Amino acid sequence: MRAIFSKEFKNSMYTMTGPIFIAFVLLIFGIFTVETNLDYGYPGFEYTVSRSAFISLLALPLLTMRSHSEERRTGADKLLYSLPLKTGGIVISKYLAALAVFAIPTAILFFYPLVLSKFGEVYLNTAWSSLLSYFLVGAVLIAVGEFISSLTESQVIAAIFSFGAIFLLFMVGNDAGSLPQTSSFSLLFLILLSLAVALVAWALTKNVIAAAVTFGVGAASSLVAFFIDRTAYEGLATRWISSLDLFGRAQPFFMGVIDLTAIVYYLSLTAFFVFLTALSVDKRRWS
Amino acid sequence: MIEVKNLVKDYGAVRALRGVSFTLERGHVYGLLGPNGAGKSTTMNIITGCLAATSGDAVINGHDVYSDAAAAKREIGYLPEIPPLYPEMTPKEYLTFVAKAKKIKCAATEAERVAALCGVTDVEGRLIRHLSKGYRQRVGIAAALVGDPENVILDEPTVGLDPKQIIEIRRLITSLKKDHTVVLSSHIMGEITAVCDHIIIIAEGEVVASGTVEELEGLREGVTLTVESSGDAEEVQNALSGVTGVTDVRCYPKGANTLASVATERGADARGAVFDAYVAAGLKIYGMTSSAHNLEDLFLRLTEEAAARRAEGDAGSPADAEKQGEEYKPVFSDEGGEDE
């Protein structure tokens, strides 16, 4: 595992994707730090984090796009398969390497509030807890990016879909409240969700029957439950979509509260996507 | 030692391997020979754990490649058809990485050893992306030899090399023979006969022949005589019908004469009998040449036969034999029924 981690980390740093990512994150935070804390003289660094987070996280696909896809394209994945290594170990090593690169600018940002505190009063705990939430959200998005990278041979496609996933997760948080609360909308949402799960099942197995059964079971059970208790469907879609709101769950951190449920949520999501990545990598040997 | 038992591999609706079985012993260089798409690379990928078989077993030194993967893979060095290289690394970094991934204690020393063995020491500081195809191939071979695994599996190892490099790699493979089981694949007969002491011919996903070069030569057909004579095709056919040792006659017009291609039985010298038959029929012979069939012809015949069987609806395949409870036997195998 250490050999893979070391190779991936060096690869990120030597091929310039790592340095470009780090520079981009520090540039975005630098701009908002100057504007929020220096120009306006606002003491709360958490506002800087809040304003910079989404834009800087959009660069995360730079770290994950080639993680699995490039090896698959060049055939270098066969080297890893033929070595005495477990798939889980390979996937975790690659994930940790990307996370380590992401940790570099985050670690640098932890010093910003300290520097600012030399020139005035800064709420250090709030600043650091908001940075912790920024890191946790990034950790989840890296896991999502790694998973998407394992599904394709093209790093460009991996980057585009990772970018889309980050954008979608951000939009979900912002717009979930404005969605219809009706039971029929929730039914439509559940059927679409079944379709999405079936598509993921197909991408992992390339088995049309398995995907069709997944969709059939999901859609049929949604319909049956709908006709049994229609009232339970009211607002269901909004509640479920809101639960996917990565950025919204970070709100307590911006008020200086370390929310353990949110930490468990982020770690669970991360583990889930790392697991999916391992499945995706392993299934290629069986396809 | 590598044991492969009844490997079957399906890619969707396409069956790529149809019950491939063989046992490879230490101290030999084995050649997997077959046309493109025959199933050589698929077999190698399954043996090395890069691909899962639909059914069947691959056992490396007593370790199953799936249920005891780590132990099995420690005994394997693999060079796939396309060398699995990282272009942004130098050969030294790459080989050290492979050594570390194989948990070899002195990774740097091991990397230097295999680099020297494969002649890449002089380019070990250059990025792999800047190396020629030949050097990349050698780096790939060096990676397969990291940790001195007992079983070395090389998928078309000399592709892209110049003649001098090919000779060097052949020497290297031959030198590995003593303490290793070496398997290499190619679709070129000359490549296989140059270094291998045992040949396994694969066609249409099944083993159609297996044996030493000498044993396979015993499967060749007899010589073909080409005779130019007077008379028409019918007269030549009549003259040669019933001649001892003649198995087939095909006639082609050549000006006022007839050119006959006369196939003969293996081991029989039918030239005298053919000559006498022409004279007895009153035909004048203007020229006679004989051409012996080589292993290349045998390879072509076996692969064509396998393709024909497939076209006829898979009759005679191992899978069918298995279904019918029969023992499938390749054309020749020195392991006999044990293969199955």
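Residues numbered from 1 in each chain as written. Chains lettered and ligands numbered in written order. Predicted model: local features only at pLDDT ≥ 70, side-chain atom pairs only at ≥ 80, totals over all residues. Heavy atoms only, no water.

Structural notes on the confidence of the model for chain B
Residues and elements named next belong to chain B. For the record, the criterion: pLDDT measures the predictor's confidence residue by residue and takes values from 0 up to 100. Helix and strand definitions here come from DSSP, where helices need a minimum of 4 consecutive H or I residues and strands a minimum of 2 consecutive E residues; each element is numbered from the N-terminal end.
The share of residues in chain B with pLDDT of 70 or more is 89%, and the mean pLDDT across the chain is 83. The secondary-structure element of chain B with the lowest mean pLDDT is helix α12 (residues 318-323), recorded at 44, while helix α3 (residues 91-101) shows the highest, at 93. Reported confidences for the modelled complex are a pTM of 0.78 and an ipTM of 0.79.

A short note on the pattern of salt bridges
Residue and element names in this part refer to chain A. Where we set the bar: Salt bridges are counted wherever a side-chain nitrogen of Lys or Arg sits within 4 Å of a carboxyl oxygen of Asp or Glu. The cut-offs for exposure are 20% and 50% of the maximum accessible area for each residue type, with area from a 1.4 Å probe on protein chains only; residues under the lower value are buried, those over the upper are exposed, and the others partly exposed.
Evaluation of the coordinates by the stated rule reveals 17 salt bridges over all chains. Note that K94 and E8 form a salt bridge whose closest N and O atoms lie 2.8 Å from each other. In this pair, K94 is assigned in helix α7 (residues 87-109) and E8 in helix α1 (residues 2-14), connecting sequence segments 86 residues apart. K94 sits in the buried class, given a relative accessible area of 2%. Connected through salt bridges with shared partners, the residues K7, E8, E71 and K94 form a single ionic network.

A word on the pairing of strand β2 (residues 14-24) of chain B
Short version of the rule: Pairing between two strands requires that DSSP report at least two bridges joining them.
Of all 11 residues that make up β2 of chain B, 9 are buried, and the element is covered over most of its length. Taking the residues that link successive antiparallel strands as the turn, the strand β1 (residues 2-11) of chain B-β2 of chain B hairpin has 2 residues, and the phi of G12 of chain B there is positive, at about 60°.

A short note on the pairing of strand β7 (residues 151-155) of chain B
Residues and elements named next belong to chain B. With 5 of 5 residues buried, β7 is to be regarded as a mostly interior element. Both faces of β7 are covered, namely the face carrying N151, I153 and D155 and the face carrying V152 and L154. In terms of strand pairing, strand β6 (residues 76-79) meets β7 through 4 bridges, oriented parallel. In the sheet register, Y78 faces β7, and the bridge partner there is I153.

As for the domain arrangement of chain A
Residue and element names in this part refer to chain A. Formally: Each domain's limits were defined by an automated method or a database of domain assignments. Buried area, as used here, totals the accessible surface that two parts lose on assembly, with accessibility defined by a 1.4 Å probe and the loss added over both. The term polar contact refers here to a pair of N or O atoms within 3.5 Å; inside protein, the definition further demands a hydrogen-donor-capable atom paired with an acceptor-capable atom, and it admits residues adjacent in sequence only when both atoms are side-chain atoms. Gly counts as polar in this scheme, as do all residues outside two lists: the nonpolar Ala, Val, Leu, Ile, Met, Phe, Trp, Tyr, Cys and Pro, and the charged Asp, Glu, Lys and Arg.
Per the domain assignment, the segments making up chain A are domain 1 (2-173 + 246-285) and domain 2 (182-234). The distance between the C-alpha centroids of domain 1 and domain 2 comes to 31 Å. For the domain 1 face of the interface with domain 2, the top three residues by lost area are F147, L151 and K283, together amounting to 76%. One can count 0 residue pairs in polar contact (both at pLDDT 80 or more) joining domain 1 with domain 2. With 4 residues, the top contributor of residues to the side of domain 1 that touches domain 2 is helix α14 (residues 260-286). A breakdown of the residues in the side of domain 1 that touches domain 2 according to their chemical character gives 4 nonpolar, 1 polar and 1 charged.

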